[in-house]
Amino acid sequence: MCTFNNLPCFASYLLFLNRNDIAPPATPLQDFTYHWKQLMNFYVNHLTDCKVPIQTTGIPRHLDRLLEILLEEEKVENEPGPCLEYLLQHKLLDLLATLASAETPPGMRTVCLSFLRKFLGRSKYPLLHHTSIYGPVQRLIALCNGSPPSPMEAEEVQFLLTLCFLVCKYPHVTNIINDAPCIQRQSTSARRNSERIEVEKVTYIPARRRNNFNPLFEPLDTQAVTLINPNLFSTENDRRRSVGSNRSSSKADTTRGSSSQSNGSISSTEAENASQSSSPAIQKSNCDENSGIPAHSTDPRDYDVSQKCEDAALMNEIDTHLQNLQDLRLDVGYGSSYENSNSAEGDQSLLRPKTPQKSKCLLLDALLSYINTADNTVRIRACEGIMVLASLEDPSFAQMIANSDLTNLIPSRLESIFNAIPAHVDPTEIDGVDVTWGLDSPAWTKEKKFSGCRQVAAFFMWFDYCNQLIREAHPDVAEALAKNIRVNFLEKIVTPALAEHHVVLITALITKCLKELTSTILCTEISYWLVGQDRGPEIPNVWTSPVLHRLIDNCFTDSDDLTLETLKLFEEMIEKRNEHILHCLVLVYLSTRGYYDNTAADSAIASWSDEEDEREREKKGSLDLSYEQSHSRTLAPSNIHRIVNCFLSLIPRYLQTDTDVNNYERYMADLERQYSTVLTDCSLMAWPLEAVTVDDSASSDSRPEADHCSVRFYMGPFMTMLFEKVANIPKQKYEVNLQLTVVISRLALLPHPYLHEFLLNPLLPLAPGTKNLFTCLQKVVKQLVHEVPKTPDHKQMLKETRERLLEDCSHDGEKENILFESVIVTEEFCKELAAIAYVKYHHSM
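These remarks concern the structure in this document. The shown structure was predicted, so the numbers you read here are calculated from the model rather than taken from an experiment. (Residues numbered from 1 in each chain as written. Predicted model: local features only at pLDDT ≥ 70, side-chain atom pairs only at ≥ 80, totals over all residues. Heavy atoms only, no water.)

### Some points on the overall build of the protein
Each helix and strand in the protein was counted, giving 37 helices and 2 strands. Within the protein, the proportion of its 845 residues that are buried is 52%. Across the protein, every contact between residues at least 6 apart in sequence was considered, and the portion connecting residues at least 24 apart equals 80%. As displayed, the protein offers around 40,400 Å² of accessible surface, 52% of which is attributable to carbon and sulfur atoms. (Helix = DSSP H or I, 4+ residues; strand = E, 2+ residues; numbered from the N terminus. Buried < 20%, exposed > 50% of the residue type's maximum accessible area, 1.4 Å probe, protein only. Contact = heavy atoms within 4.5 Å. Areas by Shrake-Rupley, 256 points an atom, 1.4 Å probe, with all protein chains shown as cover.)

### Some remarks on the pattern of salt bridges
Within the structure shown, the criterion is met by 25 salt bridges. In this structure, Arg-802 and Glu-828 form a salt bridge, with 2.8 Å as the shortest nitrogen-oxygen distance. Of this pair, Arg-802 sits in helix α36 (residues 794-806) while Glu-828 sits in helix α37 (residues 818-844); the two residues are 26 residues apart in sequence, bridging distant segments of the chain. By sharing partners, the salt bridges in this structure join Glu-571, Glu-575, Arg-577, Asp-681 and Arg-746 into a single network. (Salt bridge = Lys/Arg side-chain N within 4 Å of Asp/Glu carboxyl O.)

### Quick notes on a negative patch on the surface
Negative charge collects at one region of the surface, where Asp-558, Asp-560, Asp-561, Glu-735 and Glu-816 lie side by side. Topologically, Glu-816 is positioned in the loop between α36 and α37. We classify Glu-816 as exposed; its relative accessible area is 54%. (Patch = residues over 30% accessible without salt bridge, like charges linked within 9 Å, V, L, I, M, F, W, Y side chains within 5 Å. Lys, Arg positive; Asp, Glu negative; His and termini not counted. Charge placed at Lys NZ, Arg CZ, Asp CG, Glu CD.)

### Considering the environment of Arg-61
In this fold, Arg-61 is placed in helix α3 (residues 59-76). For the pair formed by Arg-61 and His-35, sequence separation is 26 residues and the distance between their alpha carbons is 9.1 Å.

### Quick look at helix α5 (residues 92-102)
Structurally, the α-helix is built with 3.6 residues per turn, so residues lying three or four positions apart point the same way. Among the 11 residues in α5, 11 count as buried, and that is most of the element. What α5 keeps buried is the set Leu-92, Leu-93, Asp-94, Leu-95, Leu-96, Ala-97, Thr-98, Leu-99, Ala-100, Ser-101 and Ala-102. Of the residues trailing α5, Glu-103 is marked for its positive phi of about 55°.

### A word on the packing of aromatic side chains
According to the stated counting rule, one finds 17 aromatic pairs in the structure shown. With centroids separated by 6.2 Å and ring planes inclined at 10°, the aromatic side chains of Phe-115 and Phe-119 adopt a geometry described as stacked. Of the two residues, Phe-115 and Phe-119 are both situated in helix α6 (residues 108-122); the distance of 4 residues between them amounts to about one turn of the helix. Taking the centre distance of 5.3 Å and the plane angle of 65° together, the rings of Phe-459 and Phe-460 count as edge-to-face. Like Phe-460, Phe-459 is buried. We note Arg-413 situated over the ring of Trp-462; from NZ or CZ to the ring centre the distance is 4.7 Å. Stacked on the ring of Tyr-596, the Lys or Arg Arg-593 has its end atom at 3.9 Å from the ring centre. (Phe/Tyr/Trp six-rings, centres within 6.5 Å; stacked < 30°, edge-to-face > 60°. Lys NZ or Arg CZ within 6 Å of the ring centre and 35° of its normal.)

Listed below in structure tokens is the structure:
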């Protein structure tokens, strides 16, 4: 009978029962090893049939739980925990990589890629430098191959993209993760034979016994588990009894294992030791080994001195087995030579070594294999990864990428997509295509806007990617890629197409590409292709830039459509504000001011007012040394009103269709905005402030051709073409004339003094035999004055033509009249030139 005095004894007795009957909660490490054991049970229980779908097994669930345990451990502890140490020390990822390579069961590769992607992407520790991590990662990267396509490519490219971001986050692992081993290709039969043998190493059990215990908790005293940790679930006495035999057989096993071990470059002894010593997990483990923890600790990590010696011997055997497992490859084998000397039934002739090929960058090569996939999402993800790698700032890594297949495959895809565009595509539809590489653009891929729109959209998507890739990449990579696009695509493919029957479409495509271009480096290479790399002036009738002369010749064909598209291309070339293009097109010919009549220097003074000359003399004679000329007298002459009136009065009053003489002001608001943008774009160009004539009298003996303009001024092929087209305005279609005036207006807006006075100064004294824009317009007006009055009721027809062209008034059944349309174009063009001259004057004051 229980009394008050024996209650403490009774409580102690209950506590004793609880401690012996109720198990304590499992530690994270015990939970981790439990789920790993259950994952391996699948291979124990499926000896002959490992082809069941992985969704019907517990493997995904156990891997998810392993991931949860690892991530939860990181939240609790501020340093690597026992589960992470266990994973690294026992190289569990290496076995997962082997099972993923063998695709056992079907779908195992996808599950392993997902597990490793989430583990590496979410872990707060930089683990990629550890040999137990980057070895399996390299093996899995080698399995990711988009050629041919596979149903697993979405998970594969997501795994590769995660690695790219990790490399970007931890630049010190760049060379490790991308150091591709020597790749050795095997025949299909040899690969299958090797896979079967290696899978048997993991799953084969010589003598398997069943008992009445729940198979979920069946002890794993099998070869499949001893490959991971032979003494994990054995008792302490068992381990001590087996240490002697293990020590005696360790050397023999190591020798046996090395016969089948691949001589791969995933990790050498030195690299492994260096990587392990730098790992935070191993450093913590080393600290724990020297901390003097008692031998009776319940943590499986804690061993006494005798256990450490025992484990050292056992780990040698584990390393040997794991190295054997690394021989397994699905598509490729690593090593300078591949042999399977362990296979008694293997055909050695099928495993004959071949000459290995060194890959430039393992991760980059894997990503490049997906750029031609039909899955748009997969391709975009692969392109993202390529852009991340190309943008890394490591010079040596950038040089490796610049020498890789990237610079050849990107232009190659651009060429193939370009060649897929149908020749019947309407060129007028090209400018309306608005797509980017990173978007699916359903409006252009799901709706049939015009015939061939899908192919056109695909081409501009890829060109946009090339543009963005070169813009974001390291300068070494960008220059190599841009140069290859110029040489392998523009020069070899596009240049010959400019002389073929579908040249109108080709020109429209080039114009659109130039319009969407934002990369400075790619723009430079395209400028070299368009106008050549030589910056010197051309000799008349001598071709030095085949593309430029081909474009100029296309402006003189009988095809108005081709002329129109070519003029649009020239407009975009000017709009890019590329110094090399502008220099080669016009500036190199005008910078000598050979158009100016030096003998008429006195007449040039008349263009300046007396007040202006007096003002300049006062500024030069003043003692204010801080004065600096802040405006150009060439762009802002004092006689601006005379210049404006010259353009406005060029058309006779009886041919003018606008009664308001000052109606040119309606152009000024838009031109103000345009000129402000032009000034910003050209601010860094080293253009002179004033148009100055160089005195060549001192060098007349050595350069007699420069004395008194003895050599006729040559304005260059481009300006010659423009002036010839201007002179032909009365005979050209309205659309061509309108585009011609747009091109000249874009040139006139440039703040270059020589170009300005050549195009916008009607009072300029010209050298004998030289013509400028104003003299060409005078000839046009002379033709119009001679031809228009021949038509009866020409004033009414001019009025109706103006309403139709400028006021959007439709007159059904009215035929186009090129002559009257040219009158309207010339009248409005003169107003626009007057407005440009005044806007530039206003900004230059």
